[in-house]
Amino acid sequence: MTIKIFKLTASGIKKEKATILFNCDSHLIFGPTDTGKSYIVECFRYCLGGRDKPKDIGFSEGYSTLSLQIKVNEREEFTIFRDLVSNEQNVYRGFTDIIPSSQHNKLNEDLSSLLVKWSNADGKLILTKRGVKGNFTAGDIRFISIFDEIRTLDNDAFVGTDTNLKTRNAASMALVLSGNDDSNIILPLSTDEINKAKGHAAAIEEQIDTLKKELPENLVRSELEDSLRKIDSEIKRVNGVVKELSEELIQIRTQEIFLEKEKCRIDY
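Note that the structure is predicted; figures quoted are calculated from it, not measured.

How each quantity is defined
Residues numbered from 1 in each chain as written. Predicted model: local features only at pLDDT ≥ 70, side-chain atom pairs only at ≥ 80, totals over all residues. Heavy atoms only, no water. Helix = DSSP H or I, 4+ residues; strand = E, 2+ residues; numbered from the N terminus. Rg over C-alpha atoms; globule rule 2.2 N^0.38 Å. Buried < 20%, exposed > 50% of the residue type's maximum accessible area, 1.4 Å probe, protein only. Contact = heavy atoms within 4.5 Å. Areas by Shrake-Rupley, 256 points an atom, 1.4 Å probe, with all protein chains shown as cover. Lys, Arg positive; Asp, Glu negative; His and termini not counted. Charge placed at Lys NZ, Arg CZ, Asp CG, Glu CD. Patch = residues over 30% accessible without salt bridge, like charges linked within 9 Å, V, L, I, M, F, W, Y side chains within 5 Å. Salt bridge = Lys/Arg side-chain N within 4 Å of Asp/Glu carboxyl O.

**Structural notes on the overall build of the protein**
- Per the secondary structure count, the protein includes seven helices and seven strands.
- Going from the N terminus to the C terminus, the protein shows its helices and strands as β-β-α-β-β-β-α-β-β-α-α-α-α-α.
- In summary, the protein has a C-alpha radius of gyration of 35 Å against a globular reference of 18 Å for 268 residues, an excess of more than 25%.
- With respect to the principal axes defined by its C-alpha atoms, the protein has extents near 95 × 75 × 35 Å.
- In the protein, which comprises 268 residues, the proportion classed as buried is 26%.
- At a minimum sequence separation of 6, the contacts of the protein that also span at least 24 residues come to 49%.
- Summed over its atoms, the accessible surface of the protein is roughly 19300 Å², and 54% of this surface lies on carbon and sulfur atoms.
- Here the protein carries 38 positive and 43 negative side-chain charges, and the mean point of each set is 4 Å from the other.

Structural data, given as C-alpha cells:
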C-alpha cells in the first residue's frame, strides 16, 4: 500500500488558513534559509504521530491546529487533525477542512496502528538490537519516509548516528526495500544472555578450582576412579534399601487404613 499527501493545512482563531496543496504528486519546495521549508517537514512528522511539535518560525504564531489529508492505496481518503496545544490527534474518513461535529466518520483506532496497517506492515518483525526482534512501528515509518535538510547536509548515514538505533534503522530500511522482514532470522545471543553465560562459566571454574585444592596430593587416577565406583555402588545400594523401606511403609499404611475402617464399622 502507499500513503500519499493531498493537502496540509494550518489553522487558528483569527488566523487565515495556511494551505499547501500537494494533490498526491511529487513537489520541490525551495527558498532561502529560514523561510519555513523545514517547518513543513516538521508538520508532516507531527501530523503523522511524531512527538515533537514544529518549531515556531514567527509566522506560525497563533496557529493551533494542523490537518493532513492523505490518500491510502490511491482510493481511501483520510484527514488527520493534530492540536498544536494539547497534542490531541484524531483521524476521520474522507477529506474535510474542519473538525466534524459528528463523530460518525471518526476512526477509533490510534494513528500509530493505522500507519502500520496502511503501510501493509502489520505483524512484520525487524531486528531491533543484537539478539532481539520487535514489531515494525509507526516510528520506523516516520524515520524512513521523513527526513529533513539538516540530516542531508550533515552527510549522516541514513541509518543515523545513534548506536542504539542503527540496527533497528537498518532493519527497517531492509524491510522497506525488500518487503521481507526478519521473522525467520535465527537470533544470536543477546548481550544479557552472553553475560549470564559468562557468569555461569566463571562460577563453574571457581568450583573446579575449589575441588582441585581439596584433592589429596599424589592422587592416582586409577585409585580415584575406583573410589568413585565404590561410592556409586554404595549410593545404589542405599537407594535400593530406601526403596524397599518405602514399599514396606506403603503396605503398613495401607493395612493401617484398612484396620481403621474396620474399627469404625464395628463401632458403628
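**Re a nonpolar patch on the surface**
- A contiguous nonpolar surface patch, about 430 Å² in accessible area, is contributed by Leu215, Leu224, Leu228, Ile231 and Ile235.
- With respect to the secondary-structure elements, Ile235 resides in helix H7 (residues 221-267).
- Residue Ile235 is classed as partly exposed on the basis of its relative accessible area, which comes to 45%.

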